[in-house]
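# Descriptive analysis of the structure
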Amino acid sequence: MKALTQRSESVVALVLLAAMAGIGLLNPAFFSLSNLFSLARSNVVSGIMALGVLTVMISGGIDVSFPAFAVAAMYLTLRLMLALHWSGVIGPFLLATAIGLALGLVNAALVHGLRMIPLIVTLGTGALVRGGLLGLVGTSQINIDRMPPELIRFGSAELVAVKDATGAHIGLSAMILLYLLLAFLVHLFLGHTLLGRGVYAYGDDREAARRAGFSPRRVVFVVYGLAGALAGFAGLLHAAMIWLANPRDFIGLELDVIAAVVLGGASIFGGRGSVLGTMLGVFLLVMISNSLILMHVPTTWQRVVVGLIVIVATALTSWRDRRRLAQGLA
């Protein structure tokens, strides 16, 4: 039992189960099929972005520019589709992913090439990209009547469809499969490739990783490029799922995603973190937000709760890392 509770993923899973039981007792509507399906759907976009942030944090970096990259990839791709009367699904998603990748590589070039602080770099590139998008491309929304039909059909695909007692339609989004697939691929990359092990090594001790033969340049470019690519993909997926593209979307999302990654056990100092822990952290944070909405808690107080979660989770991971360091030196 002690070995089980020492794993971050196990602790988060236990907290998640306890929270679900408590919320269900306070509000039985939480366990309704429609709410559970909605909860699962709400994990998809944030979860995909969190996978990219996880890799950056494991390497010892930080990225707060991904929401801006996501909205830029989404909006530019859709505007191009409308201008060129471009149809399809695979091509647009490849383009959105490529835009996110290119922007992520800019972050990597500034962080590695100019030895700049990652937080400052990503704050700057995020503001630059979002401001440029709104100032140069436009601020008008792309509503459902202008959304490409292929994207709407893709984003509306369902794994399961049932009717509740009132006859209302309830569906489980098929986009969950995409999220699970991407999570599995990131897990394979981090845990079963030499470069993935290099990401952990670089985040734990940069000089030791360099001496072991891992290229700092390759690690930095891969993690920031991957974070940008996943953000671009998630941005277009978001528009396909809600049938709307707003260039002002994702403002403030960086706090939620980073909180979820830290909640999942990733260290803010680098070298630690897992895909499973991140997915559990995302689910826990989405569930808390969902429950606050069910309990009619105002949005402002929801942000207070998220802020407290960030502080507590960061304090706990910092305490855990100091304790492990002390045990290693003992």
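Provided above is the structure to which this section pertains.
Conventions and cut-offs
Residues numbered from 1 in each chain as written. Predicted model: local features only at pLDDT ≥ 70, side-chain atom pairs only at ≥ 80, totals over all residues. Heavy atoms only, no water. Helix = DSSP H or I, 4+ residues; strand = E, 2+ residues; numbered from the N terminus. Buried < 20%, exposed > 50% of the residue type's maximum accessible area, 1.4 Å probe, protein only. Lys, Arg positive; Asp, Glu negative; His and termini not counted. Salt bridge = Lys/Arg side-chain N within 4 Å of Asp/Glu carboxyl O. Contact = heavy atoms within 4.5 Å. Polar contact = N/O pair within 3.5 Å; in protein donor to acceptor, adjacent residues only side chain to side chain. Axes fitted to C-alpha atoms, helices over the stretch in contact; angles between N-to-C directions. Parallel < 35°, antiparallel > 145°, perpendicular 65-115°, else oblique. Left-handed = near helix turned anticlockwise from the far one by under 90°. Nonpolar A, V, L, I, M, F, W, Y, C, P; charged D, E, K, R; others polar.

As a further point, take the side chain of Asp63. Checked against the element boundaries, Asp63 lands in the loop between helix 3 (33-58) and helix 4 (66-84). Although Asp63 lies buried, it forms no salt bridge, and the closest oppositely charged side chain, Arg130, sits 11 Å away as judged by the N-O distance. Dropping the residues within four chain positions of it, Asp63 is found in contact with Val56, Asn107, Thr122, Tyr224, Ala227 and Ile258.

As for its position among the elements, Ser59 is in the loop between helix 3 and helix 4. Ser59 sits in the buried class, given a relative accessible area of 4%. Within the structure, the side chain of Ser59 is placed 2.6 Å from the backbone oxygen of Val56, a separation counted as a polar contact. Setting aside residues no more than four positions away along its own chain, Ser59 makes contact with Val199, Tyr202, Gly203, Arg206, Val219 and Val223.

The subject of this paragraph is the pattern of salt bridges. All told, the structure shown has 2 salt bridges when counted by the stated rule. Arg210 is the partner of Glu207 in a salt bridge, and the nearest nitrogen-oxygen pair spans 2.7 Å. Here Arg210 and Glu207 lie together in helix 10 (residues 206-211), a separation of 3 residues that amounts to about one turn. Arg211 is the salt-bridge partner of Glu207, the closest N and O atoms lying 3.3 Å from each other.

Moving on: the packing of helix 4 against helix 5 (residues 90-113). Close contact between helix 4 and helix 5 brings their axes to 9 Å; oriented N to C, the two are set at 140°. If you check the angle between helix 4 and helix 5, you find them oblique. Two packed elements cross with a definite hand, and for helix 4 against helix 5 that hand is right-handed. When helix 4 is examined against helix 5, the residues Phe69, Ala72, Ala73, Leu76, Thr77, Leu80 and Met81 are found in contact with a partner set consisting of Pro92, Leu95, Ala96, Ile99, Gly100, Leu103, Gly104 and Asn107. For the contact of helix 4 with helix 5, the per-class residue count stands at 11 nonpolar, 4 polar and no charged.

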